[in-house]
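Listed below, chain by chain, are the residues.
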Amino acid sequence: MEMWYCRVCGLDYDVSPWGEDGHTPDYSCCACCGAQFGIDDYNVVTAQLFRTAWLAAGAPWFYANLKPAGWKLAAQLPQIPSAYH
Ligand SMILES: [Zn+2]
């Protein structure tokens, strides 16, 4: 199975929140950055805006209880798809 990476923060997902066709977002929120799929990651501009604000806030986990022990922001950011940098 191909991994899917959040366009805002780079968190990896087993299943794409954009649906099998890549065009049907489920409008859920990223567990890490809190971006709402289909809105905050709609294009590179919205992704950059959301990312900038999230990083400025200290990159908090949206669902803090899902934050893995030893999580490292610097290791995750390179996973952001290049089209959304
Ligand atoms: Zn994210």
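Source: prediction; values computed, not measured.

Conventions used here
- Note that residues are indexed from 1 along each chain, following the sequence as it is written.
- Only residues with pLDDT of 70 or above have their local features reported here, since the model is predicted, and side-chain atom pairs are shown and tallied only from 80 upward, although totals for entire chains, interfaces and linings are computed over all residues.
- As a rule here, side-chain values come from all non-hydrogen atoms in the structure, and water together with hydrogens is ignored.
- Pairing of aromatic side chains here covers Phe, Tyr and the six-membered ring of Trp, requires ring centres within 6.5 Å, and sorts the geometry by plane angle: under 30 degrees stacked, over 60 edge-to-face, intermediate tilted.
- Numbering of helices and strands starts at the N terminus; helices are DSSP runs of H or I of at least 4 residues and strands are runs of E of at least 2.
- We call a residue buried when its accessible area falls under 20% of the maximum for its residue type, exposed when it is over 50%, and partly exposed in between, using a 1.4 Å probe and counting protein chains only.
- For a lysine, the NZ atom is tested; for an arginine, the CZ atom; a charge sits over a ring if that atom is within 6 Å of the ring centre and within 35 degrees of the ring normal.
- Think of the donor list as every N, O and S atom within 2.8 Å of the metal, or within 3.2 Å for Na, K and Ca; water never makes the list, so a site can look incomplete.
- Square planar and octahedral assignments, for four and six donors respectively, both demand that opposite donors be over 155 degrees apart and that all other angles lie between 65 and 115; tetrahedral needs four donors with all angles between 85 and 135 degrees, and anything else is irregular.

(A) Structural detail: the packing of aromatic side chains. One pass over the full model with this rule turns up five aromatic pairs. Ring centres of tryptophan 4 and phenylalanine 37 lie 5.4 Å apart, and the angle between their planes is 90°; on these two criteria the pair is classed as edge-to-face. One end of the pair, tryptophan 4, is in strand β1 (residues 4-5); the other, phenylalanine 37, is in the loop between β2 (12-13) and α1 (44-56), with 33 residues separating them in the sequence. Assigned by exposure class, tryptophan 4 and phenylalanine 37 land together as buried. Taken together, a centroid distance of 5.6 Å and an interplanar angle of 90° make the contact between tryptophan 61 and tryptophan 71 edge-to-face. On the criterion of sequence distance, the pair formed by tryptophan 61 in the loop between α1 and α2 (73-76) and tryptophan 71 in the loop between α1 and α2 is long-range, its members being 10 residues apart. In terms of burial, tryptophan 61 and tryptophan 71 fall into one category: buried. Through a chain of ring-to-ring contacts, three or more aromatic side chains come together here, namely Trp4, Tyr13 and Phe37. One cation-aromatic arrangement involves arginine 7 over tryptophan 18; the distance from NZ or CZ to the ring centre is 4.3 Å.

(B) Highlighting the coordination of the zinc ion. Each protein donor to the zinc ion is listed here as Cys6 (SG), Cys9 (SG), Cys30 (SG) and Cys33 (SG); together their distances run 2.3 to 2.4 Å. The coordination sphere of the zinc ion comprises four donor atoms, whose angles at the metal cover 107 to 113°; the geometry is tetrahedral. Read from N- to C-terminus, the donor residues coordinating the zinc ion fall into the pattern C-x2-C-x20-C-x2-C. With respect to class, cysteine 30 is no different from cysteine 33; both count as buried.

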